[in-house]
Every structure is written in C-alpha cells, then in structure tokens.
Amino acid sequence: MSIPKPTSRFIVLTLTLVLILTLFVSETSSGSTTVNNSDEDSEGIEELIALDEEVELLQDEDEVEEGARHVKQSSEAEVLSKAQRIVIDLDADNTKRVIGSDNEFVLVLGYAPWCTRSAELMPQFAEAATDLKELESKLLMAKLDAERYPKVASNLGIKGFPTLLLFVNGSSQAYTGGFTSKEIVIWARKKTGEPVIRICSVTDAKEFLKKHSMFVIGLFEKFEGYEYKEFVKAATFDNEIQFAETSSIDVANVLFPNIRTSNLFIGLVKSEPERYSVFESTNKMEELLHFLDYNKFPLVTTVTELNSLRVYSSPIKLQVYVFADAEDFKNLLEPLQNVAGKFKSEMLFLYVDIREDNLAKPFLTLFGLEDSEDTVVAAFDNKISLKYLLESDPTPSKIEEFCWGLLHGTLAPYYKSQPIPDNKEASIQTIVGKTFDDLILSSPKNILLEVHTPWCINCETTSKQVEKLAKHFKGLDDLIFARIDASVNEHPRLKIDDYPTLLFYSAGDKSHPIKLPTKSSLKDLAALINKNLKTRDEL
C-alpha cells in the first residue's frame with residue numbers, strides 16, 4: 001500500500017508551527033537572560049549612585065569650607081580696607097596742613113612699598129587706627145610713601161623704613177613703643193594724655209579684661225599723694241604696658257584676684273601660666289619700672305620680626321634660646337615653661353622658629369649650626385659677651401641643668417671649631433678652635449699664623465705668600481707656619497676683626513703675638529721673620 005504524499009497546505013502548516021515554537025523558546029531564554037543582567041546592572045548602578053552622592057557631599061563640604069574661607073578673607077579684607085581709610089595718605093600737598101597746628105597729635109608711618117618690615121607693620125598700624133577711633137582718641141593717624149615723596153620724608157625726618165614719628169603741635173618725637181596694634185594703641189594713648197585708665201565698676205573691669213592681655217593694676221584709696229603720683233609717672237614713662245587704676249577692692253579683685261589689702265596695691269597681670277606678679281618694693285617710679293622690665297615677658301617668648309628689637313634690648317642679660325620647628329616645639333613648650341618659672345626675672349627664655357631664616361640663622365651661624373634642622377638650645381650672657389651651647393639632647397632636665405650652670409657661672413663658653421685635621425705631611429699646619437691651645441699657645445716653637453676667612457678679598461694673595469715663605473724657611477726646625485679659618489673657628493685668645501692677619505708667636509712669649517703687615521712684599525715679610533727669630537735667639 002502506498003503512502004499518500006502530504007499536501008502543500010499541510011507542509012506549510014507544519015513549518016509555521018515549528019517556527020513559532022522556535023521563536024517562543026528563543027524569547028523565553030532571552031527573557032531569562034535579560035532579567036539576570038537587569039539585576040546585575042541594578043546593583044552596579046546603585047553603587048555608582050552611592051559613589052556620586054559621596055563625591056557630591058565632599059564637594060559640598062569643600063564648597064562650604066571654601067565659602068567660609070572666602071567670607072573670612074573678605075571680612076578681614078573689609079576690616080583692613082576700612083582701617084586703611086581711617087589712615088590719611090600724606091603727599092606733597094597735604095602734609096603741612098595735616099601735621100600743622102590744626103591737629104595736636106599726629107602719628108606718621110613712613111614706609112617704602114618694597115620694604116618687608118613696612119608690609120608687616122602696615123596692617124598693625126591700620127588696626128590700631130580703627131581701635132583708637134573707637135576709643136575717641138584725638139590722635140590722627142597718617143602714612144607717607146617715602147619712596148614716592150622723598151623730599152617730604154626728608155623734611156619730616158624719615159630716614160629709614162619703616163619709621164614711626166609722633167608730631168605734637170608740629171614737633172616730632174621718636175616712636176618708642178612696640179609694633180603690634182595693641183602696643184601702638186597703648187603707646188599712643190600714653191603719649192596723648194591718657195597714661196592710666198580709671199576703672200570704676202565690676203562691669204567695666206570685665207570689659208577691660210576682654211581687651212587687655214597684659215596690664216598693671218593699681219589700687220589706691222584716693223587718687224592723690226606720693227605713691228599715686230609715682231604710679232602715674234611710671235605709667236607715662238613706660239612705653240609698652242597699659243596701666244589701670246581703681247579705688248574699689250571689688251573691682252581690683254576682678255582684675256587681680258585675692259588682693260589682701262584695701263589701701264594700696266600694685267600688680268602685673270599677664271595672659272600666661274605665670275599670670276599674676278605682685279609689686280612688693282617701694283612705690284618709686286624707678287623701682288616699679290625695674291620690676292616691669294624684669295617681669296613683663298612671658299615665661300617663654302616667641303621671637304618675631306615685630307618684637308625682636310624689644311626682646312634684644314631687654315635688661316635681662318642671661319638669655320636662653322630654643323631654635324626648633326613649630327611642631328616639635330609644641331611638645332616642649334609646657335616643660336620649658338616649668339623650667340623658666342624657676343629662673344623668673346633672672347633669665348629670658350626665647351623661642352625662635354628654626355625655619356624663620358631672618359630670625360634664626362644670624363644666631364645659629366654663631367655656633368656653626370646655620371644648616372641645622374634639629375632643635376638647638378643655646379644661651380647668651382650679654383653682660384660679658386659670651387655664648388653657650390647645650391651639646392646633649394634638649395630634654396627638660398638637661399635644659400634645666402644647663403640653665404643652673406649658666407646662672408652660677410659654671411658653664412663652659414662655646415667656641416666654634418672644625419674637626420681636628422691630620423697635619424702630619426702638611427708644610428703649613430691647619431689650626432682649628434680645639435687645637436689652638438696645644439699647637440699655638442703651648443708649642444715651644446716660633447709660629448707664623450695666617451688668620452683668614454672665605455669671604456676675604458685679599459686672603460688668597462696672602463695665602464700664596466705664606467706658602468712661598470713656608471718653602472723658603474723649610475729647613476728651620478724652630479719655626480712653624482700655620483693658618484686658621486676664623487669664620488668657623490674661635491678661641492678666647494684670638495680676637496681678630498681684620499682679615500687677612502699675620503701673627504708671629506715668639507717661642508718665649510705667646511701672650512703678645514706680633515702683627516706683621518700683610519701688604520708687605522714677600523722679601524719684606526721674610527726680613528721681618530728673620531728679625532723676630534734673631535731677636536729671640538739674642539734673648
């Protein structure tokens with residue numbers, strides 16, 4: 001039996017069903033894959049969104065900080081701009097009128113635009129002008145560009161930069177105060193008739209405390225009599241510290257707690273650990289000023305460009321310096337204050353940021369430590385011009401031991417010295433600070449010593465002459481040629497200010513070296529050496 005052939009319609013239907021089934025399976029599989037990918041993408045997108053939100057948050061915080069900085073800078077700039085508008089700009093046309101008889105008191109700042117110290121003083125001067133205006137001071141503040149108006153500056157007596165001059169009815173007085181805004185205000189008020197501020201209430205006393213970090217308080221039963229007059233005289237003579245007076249024990253105790261008398265009391269207040277100091281001597285002006293000179297500085301004073309002159313001119317002759325990085329000094333400050341408290345009024349303790357080249361290097365160079373980055377503790381006795389160096393680790397106990405030695409005079413002075421060289425094969429001996437005693441002063445031989453420095457213009461010529469002389473006199477056993485670099489080597493018996501210098505140390509008298517003329521010819525120098533050798537032989 002034969003099988004019938006499928007019709008074309010049947011074939012088409014079958015193919016259609018197969019195609020539909022294939023498409024269905026494909027879509028189902030595709031749909032499943034899409035769902036999985038969608039889940040993974042969703043997780044990734046959520047992570048990215050979270051990251052974006054975090055970045056936006058950080059950006060917002062940065063913008064807030066930047067905005068705060070901008071507001072602060074704008075505020076400071078606005079204050080400075082306002083202050084500078086209060087200060088009158090002097091020129092060739094208005095100077096006579098401003099400083100003339102119409103204005104009783106005028107404080108003038110002479111400056112140069114390129115001067116660094118002028119730039120540092122300018123904002124302090126402007127801030128002081130604002131404070132004095134708020135205090136209704138009758139003092140007028142003015143500034144002069146001395147470079148732009150040199151003739152006006154010369155007529156006013158401005159010779160350097162910056163220069164501060166007080167004009168009283170047209171006559172000038174030198175400025176003798178400090179250089180912060182507060183110090184300018186105090187000095188200006190003292191010189192314009194307000195040396196003492198009278199405080200009558202506890203409220204006024206509290207307001208006074210907010211504005212003054214250091215002051216002298218005087219408690220008087222009556223504002224009259226010898227003691228009071230001496231107090232006012234001291235307030236007028238002093239250039240740095242604000243004086244205040246009261247007749248109320250309650251007011252006085254706000255400013256200086258635990259005063260035990262209600263009749264007469266004088267004390268110094270400072271904003272530091274050693275806050276209160278009682279004046280216990282006789283109430284003479286000189287005694288009070290002496291007390292202030294020895295007690296006005298903090299236990300540890302940070303030296304700046306603005307206060308450096310005041311620090312260096314202190315009557316306290318024993319001064320201990322700590323040169324350190326600002327971060328390193330934070331850990332040393334409190335222990336150092338404890339040490340300083342034990343030497344109050346006898347030593348001045350000073351901190352200098354070792355990175356401030358203008359302040360630190362001039363001192364560090366004296367010890368040959370100008371390139372040091374580590375903490376350095378040094379001291380000076382300005383009464384006898386000696387310097388000292390703590391050569392051990394600067395721990396608080398070592399610093400205290402160092403200070404006791406300085407106070408009692410048992411500390412050995414410091415003299416710079418290079419390392420001891422090897423002179424075995426040298427025709428000219430190299431002398432350093434550590435070998436000066438042995439090779440010069442204690443040597444039984446005659447010595448010609450050349451003293452030179454690297455910056456000396458004529459030293460090279462003299463050195464060549466000494467080398468030729470050393471060869472010429474090579475056969476003499478009792479004559480030694482030597483040289484020392486005075487820039488890095490010191491000795492108490494070698495005091496030379498002129499370079500180059502040639503010194504002949506006779507074998508029999510090392511205390512009185514003979515100075516030979518360095519500008520002489522080689523022949524003349526040889527003759528002088530022979531003459532001194534012959535004189536020695538005759539003796």
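It should be noted that the structure appears before, not after, this text.
Residues numbered from 1 in each chain as written. Predicted model: local features only at pLDDT ≥ 70, side-chain atom pairs only at ≥ 80, totals over all residues. Heavy atoms only, no water.

Asks: Sorry if this is basic, but what is going on with the state of the cysteines here?
Replies: One way to say it: the disulfide is the covalent bond shared by the sulfur atoms of two cysteines. Here the structure, examined in full by the defined rule, presents one disulfide. For Cys456, the disulfide goes to Cys459, at an S-S distance of 2.3 Å. Taking the sign of the S-S torsion, about 100° here, the bridge from Cys456 to Cys459 comes out right-handed. Taken individually, Cys456 and Cys459 each receive the classification buried, so the pair is uniform in this respect. (Disulfide = S-S within 2.5 Å. Buried < 20%, exposed > 50% of the residue type's maximum accessible area, 1.4 Å probe, protein only.)

Asks: What's the story with the sheet that holds strand 12 (residues 318-324) in this structure? I'm lost.
Replies: Within a sheet, neighbouring strands are paired by backbone hydrogen bonds and run either parallel or antiparallel to one another. The five strands are arranged 11-13-12-14-15 in an open sheet whose pairing can be described as mixed. Both outer strands of the open sheet, strand 11 (301-302) and strand 15 (386-389), are each paired with one neighbouring strand and no more. Each of strand 12 and strand 13 (348-353) is contacted by helix 11 (residues 326-341), which is oriented at about 180° to strand 13, the strand it contacts most. Packing against the sheet, helix 12 (residues 357-364) makes contact with strand 12, strand 13 and strand 14 (376-381), and its axis sits at approximately 115° to strand 12. (Pairing = 2+ DSSP bridges. Helix = DSSP H or I, 4+ residues; strand = E, 2+ residues; numbered from the N terminus. Contact = heavy atoms within 4.5 Å. Axes fitted to C-alpha atoms, helices over the stretch in contact; angles between N-to-C directions.)

Asks: When you look at the sheet that holds strand 1 (residues 88-89) in this model, what are you seeing that I'm missing?
Replies: Overall, mixed pairing links the five strands, which are arranged 1-3-2-4-5 in an open sheet. Unpaired on one side and paired on the other, strand 1 and strand 5 (171-174) mark the two borders of the sheet. Looking at chain direction, strand 1 and strand 3 (residues 139-145) are connected through two bridges and run parallel. Paired with Ile88 across the two strands is Ala142, which belongs to strand 3. Sitting on the sheet, helix 3 (residues 116-134) touches strand 2 (105-111), strand 3 and strand 4 (163-168), and the angle it makes with strand 3 is about 155°. Of the strands in this sheet, strand 2, strand 3, strand 4 and strand 5 touch helix 5 (residues 181-191), which is tilted by about 140° from strand 2.

Asks: What is the right way to look at the pairing of strand 2 in this model?
Replies: Regular strands show a simple pattern: their side chains alternate between the two faces of the sheet. Across the seven residues that make up strand 2, a large majority, seven, are buried. Taking every second residue as pointing to the same face, both faces of strand 2 are buried, with Phe105, Leu107, Leu109 and Tyr111 on one and Val106, Val108 and Gly110 on the other. The sheet contact formed by strand 2 and strand 3 spans seven bridges and is parallel. Considered in strand 3, the bridge of Leu107 is made with Met141. For the crossover that starts at strand 2, traverses helix 3 and ends in the parallel strand 3, the hand is right-handed. Bridging between strand 2 and strand 4 involves six bridges; their strand directions are antiparallel. The residue of strand 4 that forms the bridge with Phe105 is Val168. (Right-handed = clockwise from strand over helix to strand, strands pointing away.)

Asks: Just checking my understanding: could you explain the packing of aromatic side chains for this structure?
Replies: Summed over the entire model, instances satisfying the criterion amount to 24 aromatic pairs. Ring plane angle 40° and centroid distance 6.1 Å describe the contact between Phe323 and Phe363, whose orientation is recorded as tilted. Remark: Phe363 occurs in helix 12 and Phe323 occurs in strand 12; sequence separation between them is 40 residues. For the pair formed by Phe323 and Phe363, the shared burial category is buried. (Phe/Tyr/Trp six-rings, centres within 6.5 Å; stacked < 30°, edge-to-face > 60°.)

Asks: How do you make sense of unusual backbone geometry when you look at a structure like this?
Replies: Apart from glycine, the bulk of residues carry a negative phi angle, and the bulk of peptide bonds sit in the trans form. Cis peptide bonds are those with omega within 30 degrees of zero, and the linkage from Phe161 to Pro162 qualifies with -15°. Along the chain, Pro162 falls in the loop between helix 4 (150-156) and strand 4. Tyr499 connects to Pro500 through a cis peptide bond whose omega is -5°. Of note, Pro500 is situated in the loop between strand 18 (479-485) and strand 19 (501-506). One non-glycine residue, Glu136, lies in positive phi territory at about 60°.

Asks: I would appreciate a short explanation of the layout of surface pockets in the present structure.
Replies: Counted as a void, the largest pocket has a volume near 890 Å³. For the lining of the largest pocket, the secondary-structure elements that each account for two or more residues are helix 3, helix 5, helix 6 (202-211) and strand 11. Sorting elements by how many residues they give to the lining of the largest pocket places helix 5 first, with five residues. Its residues placed into classes, the lining of the largest pocket shows nine nonpolar, nine polar and twelve charged. (1 Å grid on protein atoms, 1.4 Å probe; cavity = no way out; pocket = protein on both sides within 12 Å on 5 of 7 lines; lining within 4 Å. Points joined across faces, edges and corners; volume = space filled by probe spheres on them. Nonpolar A, V, L, I, M, F, W, Y, C, P; charged D, E, K, R; others polar.)

Asks: Just checking my understanding: could you explain a negative patch on the surface for this structure?
Replies: A cluster of like negative charges, contributed by Asp328, Asp371, Glu373 and Asp374, occupies part of the molecular surface. Topologically, Glu373 is positioned in the loop between helix 12 and strand 14. (Patch = residues over 30% accessible without salt bridge, like charges linked within 9 Å, V, L, I, M, F, W, Y side chains within 5 Å. Areas by Shrake-Rupley, 256 points an atom, 1.4 Å probe, with all protein chains shown as cover. Salt bridge = Lys/Arg side-chain N within 4 Å of Asp/Glu carboxyl O. Lys, Arg positive; Asp, Glu negative; His and termini not counted. Charge placed at Lys NZ, Arg CZ, Asp CG, Glu CD.)

Asks: Help me understand empty space enclosed by the protein in this model?
Replies: The method is simple in principle: a probe with the dimensions of a water molecule rolls over the atoms, and the space it marks as empty is what remains. Within the structure shown, the criterion is met by two cavities of 30 Å³ or more. Taken together, 14 residues form the lining of the largest cavity, with Phe297, Pro298, Lys344, Ser345 and Met347 sitting closest to its centre. Residue assignment for the lining of the largest cavity shows that the elements contributing at least two residues are helix 9 (285-295) and strand 13. When its residues are assigned to classes, the lining of the largest cavity shows ten nonpolar, two polar and two charged. Estimated volume of the second largest cavity: approximately 30 Å³. Elements with a contribution of two residues or more to the lining of the second largest cavity: helix 7 (226-237) and helix 9. For the lining of the second largest cavity, the element with the highest residue contribution is helix 7, accounting for three residues.

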